[in-house]
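# Structural overview for review
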Amino acid sequence: MRDTASRTTRKTSHEGLRLGERLRQLRVAAGLTQSELAGDRFSKEYVSQIERGKTRPTAGTIEWLADRLGVDAGFLASGVATDERARLEGALSRAEALYEALCGSGLAKMRIGAHRSALELFNEAREICEAGSFSDVERAEVLFWLGSCRYQLSSVQTALALLNEALALADRSGLPCDALKADILSWRSRCWQRQRDFVAARDDVERALELSRGVEDLRTIGAAFFQASLIADREGHWVLARNYAERAREAYAELSDRVHVGQLTNNLGGLNFLLGNTDQAVTLLKESFSIALDLGRDADAGRAVSSLAQIHLRTGDVEQAEEQARHALELLDDRVDYIDEVGSAQLVLGRALLEQDRLDEAETAFTAAETCFGQLGSGSHRAAAWVARGDLAARQGDHKRAADLYRTAAEALQDVRF
């Protein structure tokens, strides 16, 4: 969650805007102009600043203005009469404490992969923050976390809708929240990537990077560079992707966030392999595996082992590739939030088996990979499975079937927007 100081600043600004709106409504209802309300004590410009939320009046000024308008000072200040304020402040304090507890618990659930439990907690927090005492930024924050959860559960369209709504709320709040906006854009970029709209994904990442440069939030900076690295990798700009990944890892290292450091170390291993640095790639992937094991994150360890399996497959060591792909699948344990990695490990396993002429086993692995990628909703991933199945059909002598599968893969890739 955002730090307490920034949350307090946003809340103070929000209260000033609401007080100003109440003053304007009461003045209009009383039939007074700003000059008439100001009288001889204040200027018209000062009243205008209060109404626009630019100035927060003192308690004495509030009492004077309330007397001029014939209303209770407590009502002008907070929207409730003085005799009810104590009761309502207690209720508000309890609501804010419950909101913080629900959000904190939801984030903790997300970190351990319990995304469905996190969804329940965030939905409760969403109901609470619909009350008028919460700001649009706090509402946007909850929607952002809900969108992140939905993405992890492969409900990409729902995630996209939630993130769109979160960004709209943050934009219209009028409160300082560039770090939140950058985080929303980074996660929305992930959704665009899943939907193969790489133009939109790139646009969101560029906006996130621009916003992150204006905030002193290392986590926001790390997230933006992380997504920028993934897009550059997807576009074949591997040197740029490595540079972005290194900058993201530096930001997370300063935060002592070993989870993201380990994930980025894995990605750097893959990028170094693509750039021809095989030994460095293996060293980085082993480091990523070690970090994941130290943290008890089996799925991240599985991702690193799957990456090592791909290197062994591409360098011709198919038996080692098979062994490590099977190990990766054990570690990944069909985690729904790692479904892309499960599918990739199945694909590597199938390729390794195909090279050993174990065709029936290869077909089982390729089918499992296609099923995973179908859940992911990614045409480019499914195309990779169809190409693999085409290679298998060709090896079996069924060239018509192979041609059909290659054609299906090509049609899917034509839908990708660059």
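The structure displayed is predicted, hence computed values, not measured ones.

Here we come to unusual backbone geometry. With a phi close to 60°, Ser256 is a non-glycine residue in the positive phi region. Structurally, the position occupied by Ser256 is in the loop between α13 (238–254) and α14 (258–274). Phi at Asp357 is positive, roughly 60°, even though this residue is not glycine.

Moving on: the nonpolar core. Formed by 65 residues in total, the largest nonpolar core has its most connected members in Tyr99, Phe122 and Phe144. Setting aside residues no more than four positions away along its own chain, Phe122 makes contact with Cys103, Gly106, Leu107, Met110, Val142, Trp145, Leu146 and Cys149. Formed by 30 residues, the second largest nonpolar core is a distinct cluster that contains Val305, Tyr338, Phe373 and Ala388.

On the surface, Glu120, Glu124, Glu127 and Glu130 cluster together into a negatively charged patch. Structurally, Glu127 is set in helix α7 (residues 115–128). A relative accessible area of 64% places Glu127 in the exposed class.

Below, the discussion takes up α13. Across its 17 residues, α13 extends 24 Å between first and last C-alpha, which sits within 8% of the 24 Å expected from 1.5 Å per residue. Within the sequence span of α13, burial applies to Ala241, Tyr244, Ala245, Ala248, Ala251 and Tyr252. Seen along its axis, α13 keeps its buried residues to an arc of 120°; they face one direction. Residues of α13 that are exposed and point more than 90 degrees away from the buried face comprise Val239, Glu250 and Glu254. Ser256 sits one or two positions beyond α13 and adopts a positive phi of about 60°.

The next point concerns the packing of aromatic side chains. This model, assessed by the stated rule, comprises 6 aromatic pairs. Here Tyr151 and Trp187 contribute two aromatic rings whose centre-to-centre distance is 5.7 Å and whose plane-to-plane angle is 85°, an arrangement assigned as edge-to-face. On the criterion of sequence distance, the pair formed by Tyr151 in helix α8 (residues 136–152) and Trp187 in helix α10 (residues 178–194) is long-range, its members being 36 residues apart. Of the two residues, Tyr151 and Trp187, both sit in the buried class.

Thresholds, definitions, all that
Residues numbered from 1 in each chain as written. Predicted model: local features only at pLDDT ≥ 70, side-chain atom pairs only at ≥ 80, totals over all residues. Heavy atoms only, no water. Helix = DSSP H or I, 4+ residues; strand = E, 2+ residues; numbered from the N terminus. Core = buried A, V, L, I, M, F, W, Y, C linked by side-chain atoms within 4.5 Å. Buried < 20%, exposed > 50% of the residue type's maximum accessible area, 1.4 Å probe, protein only. Contact = heavy atoms within 4.5 Å. Patch = residues over 30% accessible without salt bridge, like charges linked within 9 Å, V, L, I, M, F, W, Y side chains within 5 Å. Areas by Shrake-Rupley, 256 points an atom, 1.4 Å probe, with all protein chains shown as cover. Salt bridge = Lys/Arg side-chain N within 4 Å of Asp/Glu carboxyl O. Lys, Arg positive; Asp, Glu negative; His and termini not counted. Charge placed at Lys NZ, Arg CZ, Asp CG, Glu CD. Expected span 1.5 Å × (residues − 1). Arc of directions from axis to C-beta. Phe/Tyr/Trp six-rings, centres within 6.5 Å; stacked < 30°, edge-to-face > 60°.

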